[in-house]
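Next come the chains, spelled out residue by residue.
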Amino acid sequence: MLNIVLFGPPGAGKGTQANFLKESFNLKHISTGDVFRKNIKNQTPLGNLAQSYMDKGALVPDQVTIDMLSDEVSKNTSAEGFIFDGFPRNTVQADALESLLSKYDAQVDAMIALEVADEVLVKRLLKRGETSGRADDSSEEIVRNRIQIYYSETAILKSYYQEKQRYHGVDGVGAIDAITARLNAVVKAL
Ligand code: ADP
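Everything quoted here is computed from the prediction, not taken from an experiment.

*Asks:* Go over the packing of aromatic side chains, please, and point to the residues and values.
*Replies:* Applying the stated rule across the entire model yields four aromatic pairs. With centroids separated by 5.7 Å and ring planes inclined at 45°, the aromatic side chains of Phe7 and Tyr150 adopt a geometry described as tilted. Linking Phe7 in strand S1 (residues 2-7) with Tyr150 in helix H7 (residues 140-154), this pair joins segments that are 143 residues apart in sequence. By relative accessible area, Phe7 is classed as buried at 4%. The class for Tyr150 is buried, based on a relative accessible area of 10%. In this arrangement the basic side chain of Lys56 is found over the ring face of Tyr53, its NZ or CZ atom lying 5.8 Å from the centre.

*Asks:* Now, about the site of the ligand: what can you tell me, with residues and values included?
*Replies:* In the neighbourhood of the ligand, 20 residues make up the surrounding shell, with Thr32, Arg37, Ala58, Gly86 and Arg146 lying closest. Take Arg89: an N or O atom from its side chain is 3.0 Å from a nitrogen atom of the ligand. Within the side chain of Arg128, a nitrogen or oxygen atom sits 3.4 Å from an oxygen atom of the ligand. Burial of the ligand by the protein amounts to 97% of the accessible area it has alone, namely 540 Å². For the shell around the ligand, the element with the most residues is helix H2 (residues 32-41), which contributes four residues. When grouped by side-chain class, the residues that make up the shell around the ligand number seven nonpolar, six polar and seven charged.

*Asks:* Describe H7, naming the residues involved and giving the relevant values.
*Replies:* If you check H7, its first and last C-alpha atoms are 20 Å apart, about what 15 residues at 1.5 Å a residue would give, namely 21 Å. Taken together, the buried positions of H7 are occupied by Ile142, Val143, Arg146, Ile147, Ile149, Tyr150 and Thr154. On an axial view of H7, the arc spanned by its buried residues comes to 155°, and they lie on one face. Summarising the geometry of H7, the exposed residues directed more than 90 degrees from the buried face are Glu141 and Ser152. Those residues of H7 hidden inside the fold are in contact with S1, helix H6 (118-132) and helix H8 (157-163).

*Asks:* Go over the nonpolar core with me, naming the residues and quoting the values.
*Replies:* In terms of nonpolar packing, the biggest core is built from 24 residues, with Val5, Leu69, Phe84, Leu97 and Tyr161 touching the most fellow members. Counting only elements with at least two residues in this core, the list comes to S1, helix H4 (62-74), strand S3 (81-85), helix H5 (91-102), strand S4 (110-115) and H8. It is H5 that contributes the most residues to this core, five residues altogether. Contact partners of Phe84, with chain neighbours within four places excluded, come to Asn3, Ile4, Val5, Leu6, Ile30, Leu69, Val73, Leu97 and Leu101. Counting 21 residues, the second-largest nonpolar core is a separate cluster that includes Ile4, Ala12, Leu27 and Val186.

*Asks:* Hey, could you go over the packing of H4 against H5 for me, with residue numbers and the actual values?
*Replies:* Packing of H4 against H5 leaves a shortest axis separation of 10 Å and a crossing angle of 25°. Here H5 runs roughly parallel to H4, going by the angle between their axes. Crossing hand, H4 versus H5: right-handed. Where H4 approaches H5, its residues Asp62, Thr65, Ile66, Leu69, Ser70 and Val73 are matched on the opposing element by Val92, Gln93, Ala96, Leu97 and Leu100. Split into classes, the residues belonging to the contact of H4 with H5 amount to seven nonpolar, three polar and one charged.

*Asks:* Let's hear about the pairing of S3: which residues, and what values?
*Replies:* As a general feature of sheets, a regular strand has side chains that alternate between the two faces. Across the five residues of S3, five count as buried, placing the element largely inside the fold. Residue alternation in S3 divides its side chains into two sets, Gly81, Ile83 and Asp85 and Phe82 and Phe84, and both sets are buried. Relative to S3, S1 is paired through five bridges, and the arrangement is parallel. Across the sheet, the residue bridging to Val5 is Phe84, located in S3. The pairing of strand S2 (residues 28-31) with S3 spans four bridges and is parallel.

Reading guide: rules and limits
- Residues numbered from 1 in each chain as written.
- Predicted model: local features only at pLDDT ≥ 70, side-chain atom pairs only at ≥ 80, totals over all residues.
- Heavy atoms only, no water.
- Phe/Tyr/Trp six-rings, centres within 6.5 Å; stacked < 30°, edge-to-face > 60°.
- Helix = DSSP H or I, 4+ residues; strand = E, 2+ residues; numbered from the N terminus.
- Buried < 20%, exposed > 50% of the residue type's maximum accessible area, 1.4 Å probe, protein only.
- Lys NZ or Arg CZ within 6 Å of the ring centre and 35° of its normal.
- Near = heavy atom within 4 Å.
- Polar contact = N/O pair within 3.5 Å; in protein donor to acceptor, adjacent residues only side chain to side chain.
- Areas by Shrake-Rupley, 256 points an atom, 1.4 Å probe, with all protein chains shown as cover.
- Nonpolar A, V, L, I, M, F, W, Y, C, P; charged D, E, K, R; others polar.
- Expected span 1.5 Å × (residues − 1).
- Arc of directions from axis to C-beta.
- Contact = heavy atoms within 4.5 Å.
- Core = buried A, V, L, I, M, F, W, Y, C linked by side-chain atoms within 4.5 Å.
- Axes fitted to C-alpha atoms, helices over the stretch in contact; angles between N-to-C directions.
- Parallel < 35°, antiparallel > 145°, perpendicular 65-115°, else oblique.
- Left-handed = near helix turned anticlockwise from the far one by under 90°.
- Pairing = 2+ DSSP bridges.

It is worth stressing that arrangement in space is one thing and function is another; only the former is reported here.
If you want it as C-alpha cells, here you go:
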C-alpha cells in the first residue's frame, strides 16, 4: 500500500491536487471534509452533529472524525493505497491513523504539504465562497478562524512527520498543472 497524507492549510488546494494524484497513482481519495458535507446534505445524525462545528470553522470532535475515517478505510480495503485529505488535523488523529493503518500492515508513507502564504489563502477561500455555498467560506472571520486553528493545532504535524523523515514540502503557489508536476515528482521518488 502507498498511503499519502496531503497536507496544508485550508485553501491550499488539497482537493484539486488529490483528484490528479489519485488518477496518476491509482489511490483512493478520502477527504474528511467531503464526507462530512455529504452527511450534512443527507441529514444523517453524523451530518447534523458535524454541521454545528463546521459552520463556525471549528474542528469536529476527534472521536467522531476518527470513527468516520476508520469506516471509510474499512470500506476500501482493496485499494492500492489512500490519499488522506483533511486528516489528520492534530496529533491525536495522527496517532489514530498510524494505529489504524498498522492493522493493515501499512503506514503513512509520506506527508506531502502544499505551502501557501496566509493572505493568498484568505483570498482563495473568499473567492471560492462566492460560488461554493459553503458556510465556512462565507465570511472573512470564519475563514481566519480556520487558518488560526490550522496554526494552533494542525501545523505541528509537520514536525510529527519530519521526525519520522516522511515530510515533503511543495510550493503550492503557481499554475495548477505546475503544482501537480511538483507533487508527482515527490510521489515518484518515494
Ligand atoms: P478546508 O481544508 O478548506 O478547511 P475541509 O473540507 O477539509 O476544508 O474541512 C472543512 C471542515 O470540516 C473543517 O473546518 C472541520 O470543521 C471539518 N473537518 C474536516 N476534517 C476534519 C478533521 N480531520 N477533524 C475535525 N474536523 C474536520
